[in-house]
Structures are given as C-alpha cells and as structure tokens.
Amino acid sequence: MASHESSYTPGNPVEKWLDDRLPIIRFSKEHLMDYPTPKNLNYWWTFGGILAVMLVVQIVTGIVLAMHYAPNVALAFDSLEHIRRDVSGGRIIQAVHAVGASMFFAAVYLHIFRGLYFGSYKAPREILWILGVLIFVLMMATAFMGYVLPWGQMSYWAAQVITNIFAAIPIVGEPILLLLRGGFTVDNATLNRFFSLHYLLPFVIAAVVALHIWALHVPGNNNPIGVEVKSSRDTVPFHPYYTMKDLFAIIVFFIPFAWFVFFAPDILGHSDNYIQANSLVTPAHIVPEWYFLPFYAILRAIDFNILFIDSKLGGVIFFGGSILILFFLPWLDTSKVRSGTFRPIFKWFFWLFVVNFVMLAYLGASAADSSVLGLSVADFSKLCTAYYFLYFLVILPLLGRLETPRSLPESISEAVLKKSAGGSSAAAAH
Amino acid sequence: MATQSSTAHQDAPNPGRRDFLYVAAGAVGAVGVAGAVWPLINQLNPDASVLALASAEFDLSAVEEGQSLTVKWRGMPVFIRHRTATEIEEAKAVPLSDLKDPQTDAQRVKEGHEQWLIMIATCTHLGCIPVGESGEFGGWFCPCHGSQFDTAGRIRKGPAPTNLVLPPYEFISDTQVKIG
Ligand code: HEM
Ligand code: FES
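Before going into details, it helps to say that this report is about the structure given with it. All residue numbers refer to position in the chain's written sequence, counted from 1. Each chain is given a letter, starting from A, and each ligand a number, starting from 1, according to the order in which they appear as written. Only residues with pLDDT of at least 70 get local features here, since the model is predicted, and only at 80 or more are side-chain atom pairs given and counted; chain-wide, interface and lining totals rely on the full set of residues. Side-chain calculation: all heavy atoms of the structure are included, whereas hydrogens and water are not.

Attention now goes to the overall build of chain B. Only DSSP runs of H or I covering at least 4 residues are called helices, and only runs of E covering at least 2 are called strands; the numbering of each starts at the N terminus. A count of helical and extended segments in chain B gives five helices and 10 strands. Radius of gyration means the value over C-alpha atoms here, while the globule rule gives 2.2 Å times the residue count to the 0.38 power. Its C-alpha atoms give chain B a radius of gyration of 29 Å, clearly above 16 Å, the size a compact globule of 180 residues would have. In terms of its C-alpha atoms, chain B occupies a principal-axis envelope of roughly 100 × 35 × 30 Å. Burial classification: accessible surface area is computed with a 1.4 Å probe over protein chains only, and a residue below 20% of its type maximum counts as buried, one above 50% as exposed, and the rest as partly exposed. A buried classification covers 38% of the 180 residues belonging to chain B. Any two residues having at least one pair of non-hydrogen atoms within 4.5 Å are treated as being in contact. Within chain B, contacts between residues at least 6 apart in sequence are counted, and of these 53% link residues at least 24 apart.

So, on to unusual backbone geometry. Residue and element names in this part refer to chain A. Look at the link from Ala123 to Pro124: it is a cis peptide, with omega at 0°. On the secondary structure map, Pro124 appears in the loop between helix H5 (90–118) and helix H6 (126–148). Pro240 follows His239 through a cis peptide bond whose omega is 5°. Residues other than glycine seldom take positive phi values, yet Ile171 does so here, at roughly 65°. Along the chain, Ile171 falls in the loop between helix H7 (153–167) and helix H8 (173–181). Judged by its relative accessible area of 81%, Ile171 is exposed.

Right, let's get into the interface of chain B and chain A. Of the residues lining the interface, 31 residues belong to chain B; the matching set on chain A comes to 29 residues. Between chain B and chain A, a total of about 2500 Å² is buried, with carbon and sulfur atoms accounting for 65% of that surface. Values labelled buried area give the accessible surface lost by two parts on being combined, using a 1.4 Å probe and summing over both. Among the residues of chain B in contact with chain A, Leu44(B), Leu126(B) and His145(B) are the three that bury the most area, contributing 23% of the side total. Note on definitions: salt bridges are taken to be side-chain nitrogens of Lys or Arg within 4 Å of carboxyl oxygens of Asp or Glu. The interface formed by chain B and chain A includes zero salt bridges. Think of a polar contact as two N or O atoms within 3.5 Å of one another; within protein, one of them needs to be a possible hydrogen donor and the other a possible acceptor, and neighboring residues in sequence only count if both atoms come from side chains. Remark: the boundary between chain B and chain A carries 11 residue pairs in polar contact (both at pLDDT 80 or more). Residue assignment for the side of chain B that touches chain A shows that the elements contributing at least two residues are helix H3 (48–51), strand S2 (68–73) and strand S3 (76–82) of chain B. Gly falls in the polar group here, along with every residue not listed as nonpolar (Ala, Val, Leu, Ile, Met, Phe, Trp, Tyr, Cys, Pro) or charged (Asp, Glu, Lys, Arg). Classifying every residue of the side of chain B that touches chain A by side-chain character gives 16 nonpolar, 11 polar and four charged.

Shown next, in the form of structure tokens:
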C-alpha cells in the first residue's frame, strides 16, 4: 500500500545526491520492488504485466513500420507489400504488429473478465476500473484506425461503416461525419488523419496506464478471495515474487504469439484485406476483426424501431451502451462480497455471461441472413444482446440483495494456510 | 517601497474589483482558447478540392433495360438503374402501409423517366454498397447487415432506417443526366 515505510537507503553519495533532488530510485524501489502484494494472486493476475509488455511491443513495432509506411490512398496498400517483401525483417515486424493487436486484445479481455469475476471493480477500486475501461475504449479506437491503414477492402469498409455510426446521432450526426472523414466518403483525408491519430493514441494509452497503476497502488491489489489485506502477513514484496511470476506468464504468452507470427500471420485477419480498397464494391461478407465481433453483433441486433428511435440510432445506442455500461458497473453490482468464489448464484450468471459474450462474437461473424442452431442470426443476436444488458442492469443489482454468500475467510494468510493444509493434508502451522 | 506597499495594502480589501478582474481575465482566456481551438477542429472538414466536385453529367444511352451503371459523384458511388417493366409494376403495386419509410414509386423517379432509378449507392444504415438484383424484394441487398431494398430502392427489411437517398439530378435530354 501507498503509505508503507520506504526501506530505501541510498547506497552511495551519488544516489544520495540524486535522492535529495529527484527521488526516482526510491520511487521505483517502492512501486516496482518492495510494493506489498497479496500473497495469494493466481495467474489471472499476470495479464496486467502482459498488457504492459504488449503496449511496448506495439509502440516499438509501430514506430518502425511508420518509417516505411506511406499514408496516402495511392501508396498505402503497396507500401505495406513493400514492408512485407522488401524491408529487411519487415515481414516479421509487420506480422508482430498485426498479430500483436490480436494478442493485446486477447489479454485485455482476460484481464477484464478476471475483474468481473473477482469483483475487482468494487470500492475502493472504482477509479482504477474506470481508467481500465477508458484504456479499453482507447485501444479499440487505436486498433480500428490501425486496421484502416493497410487500405485493403476490409480496411476501407470498416472505416466506412464505423464512421457512419456517428451519422446516427440526431442533428449533429452529419456534420460530425464530415468532420471525421474530411470528405463525403472515406478517402485520402480520412486515411491521413487516421494515421496521425493511430500514432498518437498509444502514447495517450501509456499515460492512462500510468494513472491506472497509480490508482492501483493506492488501495493495493484485489485478490482471488476478495478479502482486503489486513496485515503484513498477507503480503509479499512485488519483487522477486511477482516479477518472476509475471515474467514466466509473459514467456508462456509469447509462445502462441510467436506461433501466429511465424506460422500463421494472416490467420486472424481477413483475406479480403489483400484486395486494395475499392469504393464501388463492398465485399460480400464484411466482418470486423475478431475482437470487435461481440459489439458488432449488438450493433446489428437492433434492426427494428423502438418508439421514435429508428433502428440505426437504436443499434448505435445499444452498441455504445454496451461499452458505456461498464463505467457504471461499480455502482450496479450491489453485493458486498467481491470474489465470485463466495457467491454461489452469481457464478452461474457470470459463466452464462461469458458464454453469451462468446456467442455474440460467433453471431457477429455469421452472415446477416444465415441461421445458427435453428434460430436466425437476427433473433439469436437479439436474445444475446438482451442477456448482456440484463446481466448488468437487472441481475447484478438484484443478486447482491437476494443471494446469501458463503462465509469469507478471516484473512488472506488464513485462506492460504488452509489451502496448503488441505492440499498436502498436513497440519497448518499457525 | 514603503509607500507602494501601503497603497497596495489599502487596495487589497476590495473584493468586488478583484473578482471582476478574475472573472474578466478568465473569460478572455476562455474565448482565446476557443478561438485557437476552432481552426484546429475546422481543418478536419472537407477541403476546397473535395467541395469543388459539385455536379457531373452522364450519358445513359448505352444502358439497356435491365442493366445498371455505377458512377461516381462527389466521390460517392451512385446507382443508375434502367428498370424493366416488371420491376416498375412491382414497385407500384406495393401498398404504402407495407413501407418503413413510405414513398410512392412516383416520388422515387422523375416524371417521364420512370424507367431510370438514380440513387446514392450507399446503404442508409452504415454506408455499405448494396448488391443489385438480389434480396427478397428483387431490388438490392446490403451484405453488411442484411438490409433489403425493393425495385424502387425503398427499405423493406433490415436495420436501414430510410430508403436509399436520391441525389439532386435532372435530365438534360432523354439519355443525358446531370447529377448535382
Ligand atoms: C495500442 C497500441 C496499438 C494497436 C492496438 C495497434 C493496432 C494496429 C492494427 C490492428 C493495425 C493493422 C495491421 C494489419 O492489419 O496489417 C496497425 C497498423 C499500423 N500501425 Fe499500429 N497499433 C498500435 C500502436 C502503434 C504505434 C505506436 C504506431 C507508431 C506509429 C503504429 C503504427 C502503425 C502502422 C504504420 C500501421 C500500418 C502497417 C500495418 O498495417 O501493419 N501502431 N496497428
Ligand atoms: S450498411 Fe447496409 S445494412 Fe448495414
């Protein structure tokens, strides 16, 4: 926690001199090494570190790509082929960036669902959670604009459809659309500004990540049992315990990452993006990148008018709402108990939510006029969209009042000792 | 120095004047910032070269009945469809009560040129280009989210809120059209 005593004593006169002027070594030691961390964190807690590494990977590979990329409609598509074929090592660097975006999202989804299950968004970690959702939104904007840069068919039509979402806003929609695109359709002006912003946003993300970690280090980590740290017996220093655990997880995470980069760099993408953008033909089956699919399905699900709200605006409201609702989650979940482990009924709804989310992704990838499990994609999407919102707006608020949680362990150290006693069937030494 | 500090001391307890200066300075500052930000936002708007492409003429003589042409106007694709007699009949036969965005077939075309249907080719949902001669209504089908349009380009099914948009156009002769 933030208020613990610093154990740092400058080792030599130079360090002492620096410490009196800019206590950066003291700061790093407190926050990166000595920082007291609950001793029961499992591997779900390694995704934060993985995400930080992924941000660095994207920034480094991105800056290198920008040295060879040409943000112009006449050149962009070819410049990517140039990167892949001519630039030394360009094939790998480009693949790392493109696959990296997918791995980044895979990690962020696991990180978010970790938070949802263990109640990490609850007091006193609301700001931490809100900053996280903000990072998620910024990541989506960044990835969307990055996906436009190769200027393939999917790039172009993604840009067309997503910018059009803003046109649904009453009155100011059309002017906003012109402002976003800089033309009557997606064109050179659009590509140029997207490149500029795609370069900028990752650094904004880095800044919000710094705030996110600051907001983490004030209340300290949540943990799998959701019981707050009560004494120093509940914690271990971050280094070497969690630096090593994170490092191990990062290495494991890099194995599938490397597999994709070296053996299947295009498997997560769409073959239509190897056709240069054509403003006169929409590909027969446009789908966003996999990480946008659940939200895309929600957008598509609203194909009917709701009172005076037409289907287009309705779709946009539900699409935006499905993300905005996450900002309010800390106040929607009324349960005093954080961890899902001690909430017998919540667990069922939670796992159903996960299945529902995966189902939404599947529906988002299906053709609009096909059917899944005997139900039309349109109807199935409506059903899943309904559950998505019910989970946040009805189930979580009510469950906190209706459910009787299991009794919580006294403290983290007690839970840890009990577990190891159970595991090895040896008596716990108290 | 002594006189200066004593006058300052006398002026100090005049909160009304201080508040006024404070608010006035703040207001001027805010206007200044807004004035500086506006051009930075406005530069995002379509530039003069984009706005210059206001109207264009097209020759339709080569488009046979049952054929369509896609042209570009202001960077946007525009459908020009030479409709068949059955297509026109079908469009006319639809009762207005069946339509989400009610418009008669006559409102969709120019009098005397009923065979020509000229529409901006972007789906009114999120802007994809619908595929012609397909869908349940024999008109257009949008592959993106499944909107279906009839032979007068009216929305019949799916998420698109309105009929395909008609650009401003006029016939210069029977085979010459000016869009814009
Ligand atoms: C939050 C971090 C980032 C994410 C999620 C991200 C995501 C993406 C995605 C999805 C693509 C399309 C890849 C493809 O389909 O080929 C892309 C392309 C690109 N990005 Fe990023 N990016 C990030 C950071 C950066 C940074 C910091 C730069 C530095 C300028 C950058 C420069 C580029 C360039 C030049 C391209 C076009 C080349 C290409 O498509 O591979 N990116 N980005
Ligand atoms: S863009 Fe045509 S249905 Fe969505």
